[in-house]
Amino acid sequence: MKFVLLLLFSLFSSLAFSQEQTPDSPALAANSYALYDYTSGQFLVEQNANAHIPPAHLTKLMTAYVVFGAIKQGKISLSQRLIPSAYATRIQTDESRMFLNAGKEVTVEELLRGLIVQSANDAARVLAEKIANHELALADTMNSEAQRLGLKDTHFVNATGAPDAQHYSSAHDLALLSAALVRDFPEFYFIYAQREYQYNRINQFNRNRLLWQDPFVDGMATGVNEAEEFYMVASAKRDERRLIAVVLGTATDKLRSSESQRLLNYGFQNFEAIKLYSKTQAVTTKRVWKGTSKHLNIGFRSDCYITIPKGRGEALKATLETQQPMLAPIDLGQQIGTLRITLDDKPYLELPVVALDDIRLANVFSRGVDNIRLLFQ
């Protein structure tokens, strides 16, 4: 049996919104793309976003994610010195490099800057050898992380992005991966905003042109595949709101930048993120049976934001659905129901609601009394 509670967000009644319709999303000159609102966790635009593509240099987003994890776990440190192998520094045609020398020590921090700013394949191989003994072996960890992050259209076989039929990702997954980098490793994210880096007396510029063109853009990565199709993942933060644009398969380097800029501008100009509830704020309180407490506060695991077209707040309604009767035991953080949000009476978003309290089973006598009461519910 479901209990349904209609909630009207009183927040919106005090705000003046225009009722202008949001313009259609831009049609980009790209094979696939996605626009993700990091603040609310919503995809605002998706076009062929689940299509498999060879991620090329964008692979290094996951390489970096794994390396950041190893640093956080204490397996390696930024100041640690590594000795590149001949295999890692071998010269391959037209690949991005930071020009490491075999046998010459280099720090993990230097390798990270080469990996991120210069998209260096030799840096990726050295880091992979340190963490997993070989570049190809690191792919196992990368795939485990991809599965944990819910990347359903992603599979890796190497750390550099070298082409392989079993090495693929998608615009949707790359947006989620980029968001995970921002969320899980904020202490390292600043490197993605670095415009240039010099190593071995060779200065190289970040290929993300938007770092110069848009003061709000602070990352993340670019790439190009064997078919000369260009990629970009661009992240921008205006005030407290962050958007991540993934544009895959443009005809030129210049076009990937301009199309990414169009997508970011569309998101900032036509949508707004509104905070509905704080992490510890109860959406409502429910009756609990057979427990040590008779009432349960229900809310969200973290601050709850929703992104909506600008000026459409008054058209929002929310319905809270929970299973009834609600029986103990109930664990803190356990999903209790779903908040279904409509815009203009059409389904818009579904959010899981969880228990904000921990309720244990009551004693035998109390449970017996509740059993009798439930017969009359």
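Whatever comes next refers back to the structure up there.
Quick summary incoming for the structure in this document. (Residues numbered from 1 in each chain as written. Predicted model: local features only at pLDDT ≥ 70, side-chain atom pairs only at ≥ 80, totals over all residues. Heavy atoms only, no water.)

**So, helix H1 (residues 60-72)**
Moving on, step 1. Relative to the 18 Å expected for 13 residues at 1.5 Å per residue, H1 spans 18 Å between its end C-alpha atoms, a close match to the ideal helical length.
Moving on, step 2. Of all 13 residues that make up H1, 12 are buried, and the element is covered over most of its length.
Moving on, step 3. Buried residues of H1: Lys60, Leu61, Met62, Thr63, Ala64, Tyr65, Val66, Val67, Phe68, Gly69, Ala70 and Ile71, and no others.
Moving on, step 4. Following H1 by one or two positions, Gly74 adopts a phi angle in the positive range, close to 80°. (Helix = DSSP H or I, 4+ residues; strand = E, 2+ residues; numbered from the N terminus. Expected span 1.5 Å × (residues − 1). Buried < 20%, exposed > 50% of the residue type's maximum accessible area, 1.4 Å probe, protein only.)

**Points about the nonpolar core**
Looking at soluble globular proteins, one finds that nonpolar side chains tend to be buried together.
Moving on, step 1. Counting residues in hydrophobic clusters, the biggest one holds 64 residues, and the most contacted among them are Leu61, Met62, Phe68, Leu111 and Tyr192.
Moving on, step 2. Of the residues forming this core, the biggest block, 9 residues, is contributed by H1.
Moving on, step 3. Not counting residues up to four positions away in its chain, the partners in contact with Leu61 are Leu174, Leu177, Ser178, Leu181, Tyr192, Met220, Ala221 and Val233.
Moving on, step 4. Of all hydrophobic cores here, the second largest spans 27 residues; its members include Tyr277, Val283, Ile298 and Leu351. (Core = buried A, V, L, I, M, F, W, Y, C linked by side-chain atoms within 4.5 Å. Contact = heavy atoms within 4.5 Å.)

**Digging into the pairing of strand E6 (residues 196-199)**
A regular strand carries its side chains on alternate faces of the sheet.
Moving on, step 1. Only one face of E6 is covered, namely the one carrying Tyr197 and Tyr199; the face carrying Glu196 and Gln198 has none of its residues buried.
Moving on, step 2. Where E6 and strand E7 (residues 202-205) come together, 4 bridges link them in antiparallel fashion. Pairing of Tyr199 across the sheet is with Ile202, part of E7.
Moving on, step 3. Counted between consecutive antiparallel strands, the loop separating E6 from E7 contains 2 residues, among which Asn200 sits at a positive phi close to 55°. (Pairing = 2+ DSSP bridges.)

**Some words on the pattern of salt bridges**
Moving on, step 1. In total, this model carries 16 salt bridges according to the counting rule given.
Moving on, step 2. A salt bridge links Arg241 to Asp37; its shortest N-O distance comes to 2.9 Å. On the criterion of sequence distance, the pair formed by Arg241 in strand E10 (residues 241-250) and Asp37 in strand E2 (residues 32-37) is long-range, its members being 204 residues apart.
Moving on, step 3. Taking relative accessible area as the criterion, Arg241 reaches 11% and is therefore assigned buried.
Moving on, step 4. Among the ionic pairs, Arg312 bridges to Asp344, the shortest N-O distance being 2.6 Å. With Arg312 in the loop between strand E14 (304-309) and strand E15 (316-323) and Asp344 in the loop between strand E16 (335-343) and strand E17 (346-355), the pair connects residues that are 32 residues apart, well separated along the chain.
Moving on, step 5. Judged by relative accessible area, which is 5%, Arg312 ranks as buried.
Moving on, step 6. Several salt bridges share partner residues, and in doing so they unite Arg209, Asp253 and Arg256 into one network. (Salt bridge = Lys/Arg side-chain N within 4 Å of Asp/Glu carboxyl O.)

**Let's talk about the packing of aromatic side chains**
Moving on, step 1. Taken as a whole and judged by the stated rule, the model has 8 aromatic pairs.
Moving on, step 2. Aromatic pair Phe68 and Phe185: ring centres 5.5 Å apart, planes at 55°, arrangement tilted. In this pair, Phe68 sits in helix H1 while Phe185 sits in the loop between helix H6 (171-184) and helix H7 (186-189), placing the two residues 117 residues apart along the sequence. Grouping residues by exposure puts Phe68 and Phe185 together as buried.
Moving on, step 3. Taken together, the ring pairs connect Tyr65, Phe68, Phe185 and Phe188 into an aromatic cluster.
Moving on, step 4. Here the guanidinium or amino end of Arg90 rests over the ring plane of Tyr87, the centre of that ring lying 3.9 Å away. (Phe/Tyr/Trp six-rings, centres within 6.5 Å; stacked < 30°, edge-to-face > 60°. Lys NZ or Arg CZ within 6 Å of the ring centre and 35° of its normal.)

**Some remarks on helix H5 (residues 135-148)**
Moving on, step 1. With 14 residues, H5 extends 21 Å from end C-alpha to end C-alpha; this agrees with the ideal 20 Å at 1.5 Å per step.
Moving on, step 2. Within the span of H5, buried status applies to Glu135, Leu138, Ala139, Met142, Asn143, Glu145 and Ala146. Here the buried residues of H5 occupy an arc of 160° about the axis, which is enough to place them on one side. For H5, the exposed residues lying more than 90 degrees away from the buried face are Asp140, Gln147 and Arg148.
Moving on, step 3. Looking at the buried positions of H5, the neighbouring elements they touch are H1, helix H2 (86-89) and helix H4 (121-132).
Moving on, step 4. A positive phi of about 80° marks Gly150, the residue just after H5. (Arc of directions from axis to C-beta.)

**Quick word on unusual backbone geometry**
Moving on, step 1. With an omega of 15°, the peptide bond between Gly219 and Met220 qualifies as cis.
Moving on, step 2. Note on placement: Met220 falls in strand E8 (residues 217-224).
Moving on, step 3. Looking along the chain, the bond that leaves Gln324 and enters Pro325 is cis, with omega of 0°.
Moving on, step 4. Residues other than glycine seldom take positive phi values, yet Ala56 does so here, at roughly 50°.

**What to know about the sheet that holds strand E3 (residues 42-47)**
Moving on, step 1. Strand order across the open sheet formed by 5 strands is E3-E2-E10-E9-E8, with antiparallel pairing between neighbours. Two strands lie at the open edges of the sheet, namely E3 and E8, each paired on one side alone. For this sheet, the mean angle separating the axes of adjacent strands, direction not counted, is 10°.
Moving on, step 2. By the bridge criterion, 7 bridges tie E8 to strand E9 (residues 230-238) in an arrangement that is antiparallel. Paired with Val217 across the bridge in E9 is Ala236.
Moving on, step 3. Most of the contacts of helix H9 (residues 253-270) go to E10, to which it runs at about 145°, and overall it touches E2, E3, E8, E9 and E10. (Axes fitted to C-alpha atoms, helices over the stretch in contact; angles between N-to-C directions.)

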